[in-house]
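In case you want the letters, here they are:
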Amino acid sequence: MAAPVTITFLGGLGEIGRNCMVFELEDQLLLLDCGLMFPELEHLGVDLILPDFTWLRENADRIVGCIATHGHEDHVGGLSFLLREMSFPIYGSALTLGLARNRIEEAGLLSKTELIPVEDGERRQIGPFDIEFIPVTHSVPNGFATAWHTPQGVIMHTGDWKLDLTPVDGRLTDLARIGAIAVESGVRLLLGDSTNADSHGHSRSERSVGAVLYDLFHEHRGRRIVIACFASHIHRVQQIADAAIEHGRKIATLGLSMKKNVRLAREMGLLHIPESAIVDIEDVDDLPPGEVCVISTGSQGEPMSALTRMANSQNRWIQIGEGDTVILSSHPIPGNEMSVTKVIDGLVRLGAEVVHSGIEDVHATGHAKAEEIKTLLSIVEPQWFVPVHGEYRHLVAHARLAQAMGVPAERTLICEDGDQITITDDGIAKTGTVPAGYLYVDGIIGDVGQGVLRDRRVLAEEGVVVVVVTVALEDGAIITGPEIITRGWVYAPEAEALLDECADVVRQAVKELFAEAGEPDVEALQRTVRRAAGRFVNERTKRKPMIVPVVMEA
Ligand SMILES: [Zn+2]
Ligand SMILES: [Zn+2]
C-alpha cells in the first residue's frame, strides 16, 4: 500500500473567490493558495470574506508551507490574515510573491514568512511533497499549474489558466510538458479551473485586445483618454502603454495598487515603458488632452477606487468632462454589474464618452473556455477528475466536459468547500468534512459572524422597535413605560397612536404574566414583552422589525 494523499477544499468550490486547498501526505500539510473573496450587496458592511481557518488553526503545527499559483487576490489575499495566527514559507513565481508581499507587508507580517521564488519548470521538494511548477498563461503574468508527484501518482492542478497562442510576453501554457507527464507517468487526478466551463468556444488572445485599443486610441485622438483595468493585469497595462506611446501620449497611473504594480513589474523587467513616456498624475493638466493617457484602477466599480471617485467628481487629480474618453478594459465579475453600471452612468453624466466591453472588445478573459478545457482533458487523460474554482454550476458544467472527454462519471467527483478526498491504491473517495463557512472581515475585526449579518439584514429591511419598561418584580407594578422607541419601522410622528396602542398591549401582557406566573424573573418578562410587541407589530403593519425588549427591575 502506497501512502495515501488527502486533499481538503477550504474555498473556491462553489464560489468565485477565496481559493484555498490543502494537500496532506505523511502527516504534513501544504496549502495551495489562500485567497479572499469580495462581498456582495447582501453581505451588509462586510469588507471581505476569507476561508474558514478553524481546521488550519487546529493543524497549524503540521503546515510546511503554501504554494501561491499566481498573484490574484482570490488566491493570495487571505495570506495576510492567516499569517497572523501561524508562520510558514510561501512559494511562487517572483512576480506572484511581489504581488502577495504588499498586503503581508502592510499587515506587518513579513517576519512570519519566507518568500521563496520558484522558476518556470522547476521541480522542488517541500516537506514530503515533490512538486513541479508548470507555466500557464492567465490575466496576471507568471502563473503556475502544479504537478504533484506523489506515492499515489501525479495530481495535476491547472491553476487559473487559458490557452493563448500569442500571449503578450510569449510565455505559453506549457502543454508540451503537461503532455509529457501524462505520457510518462499518467495523471491520477486532475483538478481544473472551472470559471468559464459553461462558456462555449475558445477565449480570445490577450493580444487581440491590443489591436482594439490601438484603433480606439486612433479614433479618439485629440481627446484625453482614461482607461481602467485590473492593476495586476500587467499584459493589459503593457498593451495600453504601447497604444498610448504610438499615438504620442504620455502615461500616468492612478490608484495606489496600479502605481505599485507598475513599479514592481517594471523593476522586474515584465513591463516595458520607457521613463520618458511616464508623467506624474499631478502634471497631466500641463499637457494637451490628446497627449495624455491615464491608466487607472476601479474597473470593477469598487466604491473607494480612483474611477468611482472620478464618476462622482471626487477625484483629486482628474476632473472628468466632455473632452474625455473613458475606457473600461474589463468585464464585471459576477456581483459587480450594478456598481460598474453606476460608475458608467456617472461618467456619462459628466459628459465623457465611455467605451466598455459591451461596446467594443476591450477585454479578453483569463480563464479557459469549454474548447480549451477539452483540449487539456484530451492531453492529460486523467484517471479521476475534480472540478475546482467556480460556482456550483461551473463545477457541474466542467464535470460534464470531463465526461464528454472520456472520464467515467464514477471518477468525476463534484466536491464543495469543506470536503476532504483521499487518494489510495483503491481509488479516490470523499472521506470527511471540515468547517468551511464564510469568515467575514469588517474593518480590522475578523469573523463578524453569521448572526451579526442576520441582524444587519433585519435592521436594513425592517427596522427596530425598542420597548423600555421598568417593573416591580414583587407585585408586577409598572413603574415607568412601556416606552416604544423605533427606527425604520414606522414614521414616528404619524404613528403616535400606533405606538400608544403597542404600549397598551405590552402593559396588558405584563399584567397577564404576573396573574399567571406569580413572580416571574426578568428573562421571562423580556420574552413576554418581545412576544407581545412582536405580535402586535406584525398584525398591525405586516412587518417584522427587530424587537429589543429592555426590562428593568424597580
Ligand atoms: Zn486568477
Ligand atoms: Zn482565480
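The preceding data block contains the structure.
All of the points below concern the structure found in this document.

The rules behind these values
Residues numbered from 1 in each chain as written. Chains lettered and ligands numbered in written order. Predicted model: local features only at pLDDT ≥ 70, side-chain atom pairs only at ≥ 80, totals over all residues. Heavy atoms only, no water. Helix = DSSP H or I, 4+ residues; strand = E, 2+ residues; numbered from the N terminus. Buried < 20%, exposed > 50% of the residue type's maximum accessible area, 1.4 Å probe, protein only. Contact = heavy atoms within 4.5 Å. Areas by Shrake-Rupley, 256 points an atom, 1.4 Å probe, with all protein chains shown as cover. Lys, Arg positive; Asp, Glu negative; His and termini not counted. Charge placed at Lys NZ, Arg CZ, Asp CG, Glu CD. Donors = N, O, S within 2.8 Å, 3.2 Å for Na, K, Ca; no water. Tetrahedral: all angles 85-135°; square planar, octahedral: opposite > 155°, others 65-115°. Pairing = 2+ DSSP bridges. Salt bridge = Lys/Arg side-chain N within 4 Å of Asp/Glu carboxyl O. 1 Å grid on protein atoms, 1.4 Å probe; cavity = no way out; pocket = protein on both sides within 12 Å on 5 of 7 lines; lining within 4 Å. Points joined across faces, edges and corners; volume = space filled by probe spheres on them. Nonpolar A, V, L, I, M, F, W, Y, C, P; charged D, E, K, R; others polar. Axes fitted to C-alpha atoms, helices over the stretch in contact; angles between N-to-C directions.

### With respect to the overall build of the protein chain
When you go through the protein chain residue by residue, the secondary structure sums to 15 helices and 25 strands. Based on the C-alpha atoms only, the size of the protein chain along its principal axes is roughly 85 × 75 × 45 Å. The burial tally for the protein chain puts 55% of its 554 residues in the buried class. Across the protein chain, every contact between residues at least 6 apart in sequence was considered, and the portion connecting residues at least 24 apart equals 71%. Roughly 23800 Å² of accessible area belongs to the protein chain as shown, and the carbon and sulfur atoms make up 50% of that amount. Here the protein chain contributes 49 positively and 80 negatively charged side chains, and the mean placements of these two sets differ by 2 Å.

### Observations regarding the coordination of the zinc ion (ligand 1)
Only His70 (NE2), His72 (ND1), His138 (NE2) and Asp160 (OD) from the protein coordinate the zinc ion (ligand 1), and they sit 2.1 to 2.3 Å from it. Considering all four donor atoms around the zinc ion (ligand 1), angles at the metal cover 88 to 168° and the coordination shape is irregular. Coordination of the zinc ion (ligand 1) draws on donor residues from a single chain, spaced H-x1-H-x65-H-x21-D in sequence. Between the zinc ion (ligand 1) and the zinc ion (ligand 2), a spacing of 3.3 Å is present, and a bridge between the two is formed by Asp160. Relative accessible area serves as the criterion here: at 13%, His72 is assigned to the buried category.

### As for the pairing of strand β23 (residues 464-471)
Of all eight residues in β23, eight are buried, a share of seventy percent or more. Neither face of β23 is left uncovered, since the one carrying Val464, Val466, Val468 and Thr470 and the one carrying Val465, Val467, Val469 and Val471 both have all their residues buried. Sheet topology note: the β23/strand β24 (residues 478-487) ladder contains seven bridges and is antiparallel. In the strand pairing of β24, Val467 is matched with Ile484. In this antiparallel pair of consecutive strands, β23 and β24, the connection spans six residues, and Gly476 shows a positive phi of 80°. Pairing analysis gives eight bridges linking β23 to strand β25 (residues 546-553), with the strands arranged parallel. If you follow Val468 over to β25, its bridge partner there is Val550.

### Let's talk about the pattern of salt bridges
Under the defined criterion, the tally for this structure stands at 24 salt bridges. Salt-bridge contacts for Asp417 lead to Arg18; the nearest nitrogen and oxygen are separated by 3.0 Å. Of the two residues, Asp417 sits in the loop between α12 (392-404) and β19 (419-424) while Arg18 sits in the loop between β1 (5-11) and β2 (20-25), which places them 399 residues apart along the sequence. By relative accessible area, Asp417 is classed as buried at 18%. Relative accessible area serves as the criterion here: at 1%, Arg18 is assigned to the buried category.

### As for the layout of surface pockets
Of the voids in this model, the second largest pocket is the one considered here, and its volume is about 340 Å³. In this structure, the second largest pocket is lined by 17 residues; those nearest its centre are Thr253, Lys259, Ile278, Val279 and Asp280. Of all the secondary-structure elements, those providing two or more residues to the lining of the second largest pocket are β14 (250-254) and α8 (256-267). A total of five residues in the lining of the second largest pocket trace back to one element, the largest contributor, which is α8.

### Some points on empty space enclosed by the protein
For the structure shown, the criterion picks out five cavities of 30 Å³ or more. Approximately 100 Å³ is the volume found for the largest cavity. Along its surface, the largest cavity is lined by 16 residues, and Asn19, Met21, His157, Val388 and His389 are the ones closest to its centre. The set of elements that each furnish at least two residues to the lining of the largest cavity consists of β2, β3 (28-34) and β12 (187-193). One number sums up the size of the second largest cavity: a volume of about 60 Å³. Around the second largest cavity, the lining is made up of 13 residues, and of these Thr137, His138, Lys162, Asp164 and Glu206 lie nearest the centre. In the lining of the second largest cavity, the residues fall into three nonpolar, seven polar and three charged.

### Looking at the coordination of the zinc ion (ligand 2)
Here the zinc ion (ligand 2) is held by Asp74 (OD), His75 (NE2), Asp160 (OD) and His389 (NE2), and the distances to it run 2.1 to 2.5 Å. Donor residues binding the zinc ion (ligand 2) come from one chain and are separated in sequence as D-H-x84-D-x228-H.

### Describing unusual backbone geometry
Here the residue pair Gly481 and Pro482 is connected by a cis peptide bond, since its omega of -5° sits within 30 degrees of zero. One can find Pro482 in strand β24. Backbone geometry at Glu26 places phi at a positive 45°, although glycine is not the residue there. Owing to a relative accessible area of 54%, Glu26 belongs among the exposed residues under this scheme.

### Details of the pairing of β14
Bridging between β14 and strand β15 (residues 292-296) involves five bridges; their strand directions are parallel. Within β15, the position partnered with Thr253 by the bridge is Ile295.

### Comments concerning the environment of Gln526
Positionally, Gln526 belongs in helix α15 (residues 522-541). The exposure class assigned to Gln526 is partly exposed, which follows from its relative accessible area of 26%. Sequence separation between Gln526 and Glu483 is 43 residues; the distance between their C-alpha atoms is 14 Å. Excluding anything up to four places from it in sequence, Gln526 contacts Pro549 and Val551.

### As for the sheet that holds β25
Strands sit in the order β24-β23-β25 across an open sheet of three strands; the sheet is mixed. Both outer strands of the open sheet, β24 and β25, are each paired with one neighbouring strand and no more. Neighbour to neighbour, the strand axes of the sheet diverge by 10° on average, direction disregarded.

Function cannot be inferred from these measures alone, as they are strictly geometric.
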